[in-house]
Amino acid sequence: MKVGESMKFNTALLHQNFNGEEFTGSTVMPIYQVSAFAHESAEKLEKVFNNKAPGFAYTRISNPTVDSFEKRVAAMENGIGAVACSSGMAAVTMSLLNILESGDEIIAGSGLFGGTIDLFGDLKALGITTRFVQNVTAEEIEPLINHKTKAVFAELIGNPKLDVVDLKKVSELVHSHGIPLIIDSTTATPYLIHPFEYGADVVVHSSSKYINGGGNAISGIIIDSGNFRWENLRCKGLEEYRRYGKFAYLAKLRNGIWRNVGGCLAPMNAFMNSVGLETLGLRMERLCYNALKLAEFLDSTDGIEVNYPALKSSPYYELVQKQFGGKGGAILTIRTGSKEKAFKLINSLKYAVNATNIGDIRTLVIHPASTIYTHNSEEQKKNAGVYDDTIRISIGIEDIADLIEDFSQAIEKMED
Ligand SMILES: *Cc1c(COP(=O)(O)O)cnc(C)c1O
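The notes below deal with the structure included here. Remember, predicted model here, so these are calculated numbers, not experimental data.

## Points about helix H7 (residues 167-176)
Move 1: By the burial criterion, the buried members of H7 are Leu-167, Val-170, Ser-171, Leu-173 and Val-174. One side of H7 holds all its buried residues, which, seen down the axis, span an arc of 160°. Turned more than 90 degrees away from the buried face of H7 sit Lys-169, Glu-172 and Ser-176, all of them exposed.
Move 2: Buried residues in H7 make contact with helix H6 (138-141), strand E4 (149-155), strand E5 (181-184) and helix H13 (317-324).
Move 3: Looking one or two residues beyond H7, the residue adopting positive phi is Gly-178, at roughly 70°.

## Remarks on unusual backbone geometry
Move 1: Here the residue pair Asn-159 and Pro-160 is connected by a cis peptide bond, since its omega of 15° sits within 30 degrees of zero.
Move 2: Along the chain, the position of Pro-160 falls in the loop between E4 and H7.
Move 3: The phi dihedral of Asn-51 falls on the positive side, at around 55°, and the residue is not glycine.
Move 4: Mapped onto the secondary structure, Asn-51 falls in the loop between helix H2 (42-49) and helix H3 (64-76).
Move 5: For Leu-162, which is not glycine, the phi torsion reads 65° and is therefore positive.
Move 6: In this fold, Leu-162 is placed in the loop between E4 and H7.

## Some points on the sheet that holds strand E1 (residues 81-85)
Move 1: In spatial order, the strands read E1-E7-E6-E5-E4-E2-E3; together these 7 strands make up an open sheet with mixed pairing. At either margin of the open sheet sits one strand with a lone partner, and together these are E1 and strand E3 (129-133). Taken over all neighbouring pairs, the strand axes of this sheet differ in orientation by 20° on average, direction set aside.
Move 2: Taken together, the 4 bridges between E4 and E5 define a ladder with parallel strand orientation. Residue pairing across strands places Val-152 opposite Leu-181, the latter belonging to E5.
Move 3: Across the face of the sheet, helix H9 (residues 248-255) comes into contact with E1, strand E6 (202-206) and strand E7 (220-224) while running at roughly 30° to E1.

## Details of the environment of Lys-341
Move 1: Relative to the assigned elements, Lys-341 resides in helix H14 (residues 339-348).
Move 2: On the accessibility criterion, Lys-341 (28% relative accessible area) is partly exposed.
Move 3: The spatial distance from the C-alpha of Lys-341 to the C-alpha of Met-414 is 5.5 Å, given a sequence separation of 73 residues.
Move 4: In this structure, Lys-341 is in contact with Thr-336, Met-414 and Glu-415, ignoring residues within four places of it in sequence.

## Examining the pattern of salt bridges
Move 1: Overall, the coordinates contain 16 salt bridges when judged by the stated rule.
Move 2: Of the charged contacts in the structure, one is a salt bridge between Glu-105 and Arg-131, with a shortest N-O distance of 2.7 Å. A residue pair is termed long-range when its members are at least 10 positions apart, and Glu-105 in strand E2 (residues 105-109) and Arg-131 in strand E3 qualify at 26 residues.
Move 3: The exposure class assigned to Glu-105 is buried, which follows from its relative accessible area of 5%.
Move 4: Look at the salt bridges and you will find they share partners, linking Glu-101, Asp-104, Lys-150 and Arg-234 into a network.

## Observations concerning the nonpolar core
Move 1: Ile-141, Leu-298, Val-306, Leu-332, Leu-345, Ile-393 and Phe-407 are the most contacted members of the largest nonpolar core, which totals 81 residues.
Move 2: Looking at which element gives the most residues to this core, the answer is helix H12 (residues 280-299), with 8 residues.
Move 3: The contacts of Phe-407, once residues within four sequence positions are left out, are Leu-294, Leu-298, Leu-345, Leu-349, Ala-352, Val-365 and Ile-393.
Move 4: Judged by nonpolar contacts, the second largest core, of 40 residues, contains Ile-128, Leu-238, Trp-258 and Ala-369.

## A few points about the side chain of Arg-283
Move 1: The residue Arg-283 is located in helix H12 in this model.
Move 2: For the buried Arg-283, no salt bridge exists, and the shortest N-O distance to an oppositely charged side chain is 8.2 Å, to Asp-360.
Move 3: In this view, Arg-283 contacts Tyr-210, Ile-211, Asn-212, Gly-213, Gly-276, Leu-277 and Ile-361; residues no more than four positions away in its chain are not counted.

What counts, and at which threshold
- Residues numbered from 1 in each chain as written.
- Predicted model: local features only at pLDDT ≥ 70, side-chain atom pairs only at ≥ 80, totals over all residues.
- Heavy atoms only, no water.
- Buried < 20%, exposed > 50% of the residue type's maximum accessible area, 1.4 Å probe, protein only.
- Helix = DSSP H or I, 4+ residues; strand = E, 2+ residues; numbered from the N terminus.
- Arc of directions from axis to C-beta.
- Contact = heavy atoms within 4.5 Å.
- Pairing = 2+ DSSP bridges.
- Axes fitted to C-alpha atoms, helices over the stretch in contact; angles between N-to-C directions.
- Salt bridge = Lys/Arg side-chain N within 4 Å of Asp/Glu carboxyl O.
- Core = buried A, V, L, I, M, F, W, Y, C linked by side-chain atoms within 4.5 Å.
- Lys, Arg positive; Asp, Glu negative; His and termini not counted.

If you want it as structure tokens, here you go:
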């Protein structure tokens, strides 16, 4: 069932692909905190192991609590299936290694999450080269495509650059070369957009962030749209999965690298993230409202430069109207003039917590250059919009009047 066909967004978060638990009637899916599942006969376990009968064998491969989380997220993204991972980084890594082979190339945006940029560095040791574009546009991607290019990877709203990808234009170009478009939609969430409707082929989330919502469990998830013709992708490892048709990518992932690396999601964390998912709509509505209000306030404040995609002054304003219905997400960055001022502002805030996370219900701030981007080169920082005086703000659900007052008093102290 697709969102919108019979259920609206918030109803779907609770009811789509979910009926509680059949044996006990429990209204939330319980935590199956167990490693292995016993079966009454050797014949039955043989069938379960060979995907010939439904059932569970071992939690690294599948678990009812994790399975429920996967089905609910897949439905929210209008995908054909999902594989949950131990973290967002595991999801990013597995989504790519599932189709990459030594000698292959990826094209990626340069405004990415720092961990993902580091990962592309690690992939060099496996013979995989990443080519970065400054802006994720068809014009910049096209000249870099060659016979070795296996995927284009981008963050829909870059963290922390906050650049927005025009999915329709980019996916049309990428598809004209027979390549899949893999989108990290962590900061957009299914609340802002269903990327598959705009041509994305695979979506990954760090569900540690907005899907969890409470900052209490790390997880990641990979969803396939079912639209990409995997049989046409030049990839030796995919050949034996061709018989799965549109499920080839997910079947390979589940039966191959994902299960063998062992990056499975723990049942407890799947439970926390399922509970979080249910309030995604309410939280995002409030977060987007708060973010715009704070951005407008900071924009009118002397000595502060604001970057927020839904601000009229943003180069992405029009695209945000078209693609996200005017909502700009829950992250903004500001420039204060110097590192000293940035530190002083952070230290003067009463409510905003100084921590390396996004997507919490609390407002979080961080100085990226000295923390999450400390391993990156000066050029990588610049490409990601990370300067010495940049502060990233992940807005929370606090009352906006309190947040504005807090930032206002901290900015005054900063100028002292
Ligand atoms: C946090 C984040 C990740 C990594 O997720 P973890 O759950 O921390 O491993 C990947 N991409 C984006 C955009 C993120 O914000």
